[in-house]
Amino acid sequence: MQKYSPTRIINMAKISIATNFLLALAKIALSIYFSTFYYFMYAIYNIGIIVSKVIAIKQYSKDEVKEQEKEDLSKFHIIGIVVLLASFAFLGYGVFRYLQPEPTNYGTIAGVTIATITVVELYFAIRGLIITRRNKEPMLIAIKLVNLVSAITSVALTQTALLSFTAAEFTTAAGIGAMVFGALTSVIGFYMLFTNKIYKL
């Protein structure tokens with residue numbers, strides 16, 4: 001299996017930041033067009049991914065080696081907080097949408113648009129996981145976990161896109177999906193926040 005260099009991983013992470021920014025804008029546009037807060041929550045998640053990767057890249061790019069391990073762990077915890085905040089927002093909205101379903105009918109064109117956006121996002125998330133899988137440096141591990149979080153939320157949005165083709169009132173199921181996937185990403189956030197050692201995942 002090919003092992004990618006740290007430089008290539010960082011460059012790909014920078015590209016993914018730009019991609020996540022464009023995806024966030026697209027989701028905000030969808031949220032406005034369909035007058036729903038649902039896709040705005042996904043946009044917030046994209047912003048959380050961007051912030052997490054920016055922190056990891058800036059920390060990795062530092063030249064100082066003094067107290068490096070301690071500082072890496074501190075930044076690892078901060079990224080965990082960002083992931084947790086995004087996860088809790090996602091989870092909370094999933095509960096709200098489950099309790100108060102929002103009747104929505106996107107139609108074929110809108111459904112295809114949503115599906116296309118989610119497939120693109122899932123591709124970049126999985127590619128990010130593949131690229132970082134064998135690298136063991138602390139901030140690269142942080143990027144790996146953020147890629148995993150991104151992939152999980154992409155699956156949740158893909159579920160929503162598929163459901164939009166099959167039912168006019170699908171937000172109850174989408175809410176359940178948001179709760180499940182939000183809980184999964186919360187586990188990752190808790191690990192990143194409370195671990196005292198960055199294990200070589």
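Criteria and cut-off values
Residues numbered from 1 in each chain as written. Predicted model: local features only at pLDDT ≥ 70, side-chain atom pairs only at ≥ 80, totals over all residues. Heavy atoms only, no water. Helix = DSSP H or I, 4+ residues; strand = E, 2+ residues; numbered from the N terminus. Buried < 20%, exposed > 50% of the residue type's maximum accessible area, 1.4 Å probe, protein only. Contact = heavy atoms within 4.5 Å. Areas by Shrake-Rupley, 256 points an atom, 1.4 Å probe, with all protein chains shown as cover. pLDDT = per-residue confidence, 0-100. Core = buried A, V, L, I, M, F, W, Y, C linked by side-chain atoms within 4.5 Å. Axes fitted to C-alpha atoms, helices over the stretch in contact; angles between N-to-C directions. Parallel < 35°, antiparallel > 145°, perpendicular 65-115°, else oblique. Left-handed = near helix turned anticlockwise from the far one by under 90°. Nonpolar A, V, L, I, M, F, W, Y, C, P; charged D, E, K, R; others polar. Expected span 1.5 Å × (residues − 1).

1. Some points on the overall build of the protein
Here is step 1 of the chain: Within the protein, the regular secondary structure consists of six helices and zero strands.
Here is step 2 of the chain: Shown N-terminal to C-terminal, the secondary structure of the protein runs as helices and strands in the order α-α-α-α-α-α.
Here is step 3 of the chain: Of all 201 residues assigned to the protein, the portion counted as buried reaches 49%.
Here is step 4 of the chain: Here the contacts in the protein between residues at least 6 apart in sequence split such that 80% fall between residues at least 24 apart.
Here is step 5 of the chain: Surface summary for the protein: the accessible area is close to 9,900 Å², and the carbon and sulfur share equals 70%.

2. Describing the confidence of the model for the protein
Here is step 1 of the chain: Taken residue by residue, the protein gives an average pLDDT of 80. The fraction at 70 or more is 83%.
Here is step 2 of the chain: The least confident element of the protein, judged by mean pLDDT, is helix H4 (residues 107-132) at 73; the most confident is helix H2 (residues 38-60) at 89.

3. Some thoughts on the nonpolar core
Here is step 1 of the chain: Ranked by size, the top nonpolar core spans 42 residues in total, and within it Tyr42, Phe76, Ile79, Phe90, Ile143 and Met192 carry the most contacts.
Here is step 2 of the chain: For this core, the leading source of residues is helix H5 (residues 138-166), giving eleven residues.
Here is step 3 of the chain: Look past the residues within four positions of isoleucine 79 in its chain and what remains in contact with it is Ser52, Ile55, Ala56, Ala142, Val146 and Met192.

4. Examining the packing of helix H1 (residues 6-33) against H2
Here is step 1 of the chain: At their nearest, the axes of H1 and H2 sit 8 Å apart, and the two run at 160 degrees to each other. By the angle between their axes, H1 is roughly antiparallel relative to H2. The way H1 lies across H2 gives a crossing that is left-handed.
Here is step 2 of the chain: Class assignment of the residues belonging to the contact of H1 with H2 gives a composition of 19 nonpolar, four polar and three charged.

5. A short note on the environment of phenylalanine 124
Here is step 1 of the chain: For phenylalanine 124, the location among the structural elements is in helix H4.
Here is step 2 of the chain: Residue class for phenylalanine 124 comes out partly exposed when judged on its relative accessible area of 31%.
Here is step 3 of the chain: The spacing of phenylalanine 124 and methionine 12 is 112 residues in sequence and 9.5 Å in space, taken between C-alpha atoms.

6. Looking at the packing of H2 against helix H3 (residues 68-99)
Here is step 1 of the chain: As a packed pair, H2 and H3 sit with axes 9 Å apart at the nearest point and diverge in direction by 180 degrees. Classified by the interaxial angle, the pair formed by H2 and H3 is roughly antiparallel.

7. A word on H1
Here is step 1 of the chain: With 28 residues, H1 extends 40 Å from end C-alpha to end C-alpha; this agrees with the ideal 40 Å at 1.5 Å per step.
Here is step 2 of the chain: Among the residues making up H1, those that are buried are Ile9, Ile10, Ala13, Ser16, Ile17, Thr19, Asn20, Leu23, Ala24, Lys27, Leu30 and Ser31.
Here is step 3 of the chain: Downstream of H1 by one or two residues, serine 35 has phi in the positive range, about 55 degrees.

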